[in-house]
Amino acid sequence: MNTPNIAKEDILNAFNYRHATKEFDASKTLTDEQINFILKTANLSPSSFGFEPWHFIVVQDKELRELLKPVAWGAPVKLDTASHFILGLAMKAPMVKHDAPYIEHMMKEVKQMPEDVVEMYSKFYREFQERDFTLDSDKKLFDWSSKQTYIALGNMMTAAALTGIDSCPIEGFHIEDTEALLRDKFGVDTDKYGISFMAAFGYRKADPEFPKSRRPLEDIVTWK
């Protein structure tokens, strides 16, 4: 496999270019190749123990987008104008607890670990949940899963920016109402999956009104 050779300046330019796009140009649509590229970066994203506790729903149906508007106060303009709208789901406790069938499936079928490695990995994962991170409640396990989905979200937005595509991460939604909608209209088993984030992708309608502002690097980094 060839070592990536992307100019650092090009990467920083993409980060400076990226902004939380409030309104997209509804006349411009991403190609299947472009959105599949973005989704592939989510697929290739790292996750704790490599267990990929996520699922992504690409919402292109106009009626379903309309149904999302009342439960997602931060999304209506994006739902109307974005080329593609993604719901990021995180796995709940029945899927990611150390003794869950999904975890065994990941180790044996996906990662194809030998039995002795499965036994060792299972021990580490159980100790991680029970001792290191004390993931001793359903809420803590879901919060841990959600952290993993944000790695994928960040990679999708960065990949988009590197290829001149705009994005907007969205947390402006009511969790319980959104999950009820996912259960009733999207066919999601909300005992196993919960909403973690929403994200819109497309092309900006206008450049941002204000320049990007960040705290100085020395304010956020300490060297010891």
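Thresholds, definitions, all that
Residues numbered from 1 in each chain as written. Predicted model: local features only at pLDDT ≥ 70, side-chain atom pairs only at ≥ 80, totals over all residues. Heavy atoms only, no water. Salt bridge = Lys/Arg side-chain N within 4 Å of Asp/Glu carboxyl O. Helix = DSSP H or I, 4+ residues; strand = E, 2+ residues; numbered from the N terminus. Buried < 20%, exposed > 50% of the residue type's maximum accessible area, 1.4 Å probe, protein only. UniProt positions renumbered as here; feature names shortened; annotations may be inferred. Polar contact = N/O pair within 3.5 Å; in protein donor to acceptor, adjacent residues only side chain to side chain. Core = buried A, V, L, I, M, F, W, Y, C linked by side-chain atoms within 4.5 Å. Contact = heavy atoms within 4.5 Å.

## Some thoughts on the pattern of salt bridges
In total, this model carries 15 salt bridges according to the counting rule given. Of the charged contacts in the structure, one is a salt bridge between Lys205 and Glu23, with a shortest N-O distance of 3.3 Å. Linking Lys205 in the loop between strand 4 (193–202) and helix 10 (217–220) with Glu23 in the loop between helix 1 (8–17) and helix 2 (32–43), this pair joins segments that are 182 residues apart in sequence. Looking at Lys205, the relative accessible area reads 55%, which means it is exposed. For the salt bridge of Glu104 with Lys108, the shortest nitrogen-to-oxygen distance reads 2.7 Å. Linking Glu104 with Lys108, this pair stays in helix 6 (residues 101–110), spanning 4 residues, or about one helical turn.

## Brief notes about the UniProt feature "domain: Nitroreductase" (unreviewed entry) in the chain
Here the UniProt-annotated "domain: Nitroreductase" (unreviewed entry) positions come out as residues 17–203. Measuring from the first to the last C-alpha atom of residues 17–203 gives 12 Å, for a span that is 50% helix and 15% strand.

## Overview of the side chain of Thr41
With respect to the helices and strands, the residue Thr41 is situated in helix 2. At a separation of 2.6 Å, a polar atom in the side chain of Thr41 contacts the main-chain carbonyl oxygen of Ile38.

## Topic: the nonpolar core
Grouped together as the largest cluster of nonpolar side chains are 40 residues, with contacts concentrated most on Leu68, Phe85, Leu87, Phe186 and Met198. Sorting the residues of this core by element identifies strand 2 (84–91), helix 5 (93–96), helix 6, helix 7 (115–132), helix 8 (138–162), strand 3 (166–170), helix 9 (175–185) and strand 4 as the ones contributing at least two each. With 17 residues, the next largest nonpolar core counts Leu30, Trp54, Phe56 and Phe197 among its residues.

## Some details on the environment of Ser83
Structurally, the position occupied by Ser83 is in the loop between helix 4 (76–81) and strand 2. Residues Ser83 and Ile175, 92 residues apart in the sequence, show an inter-C-alpha distance of 24 Å. In this structure, Ser83 is in contact with Lys28, Thr29, Leu30, Gln60, Arg65, Phe201 and Gly202, ignoring residues within four places of it in sequence. Polar contacts involving the side chain of Ser83 include one to the side chain of His84, which spans 2.7 Å.

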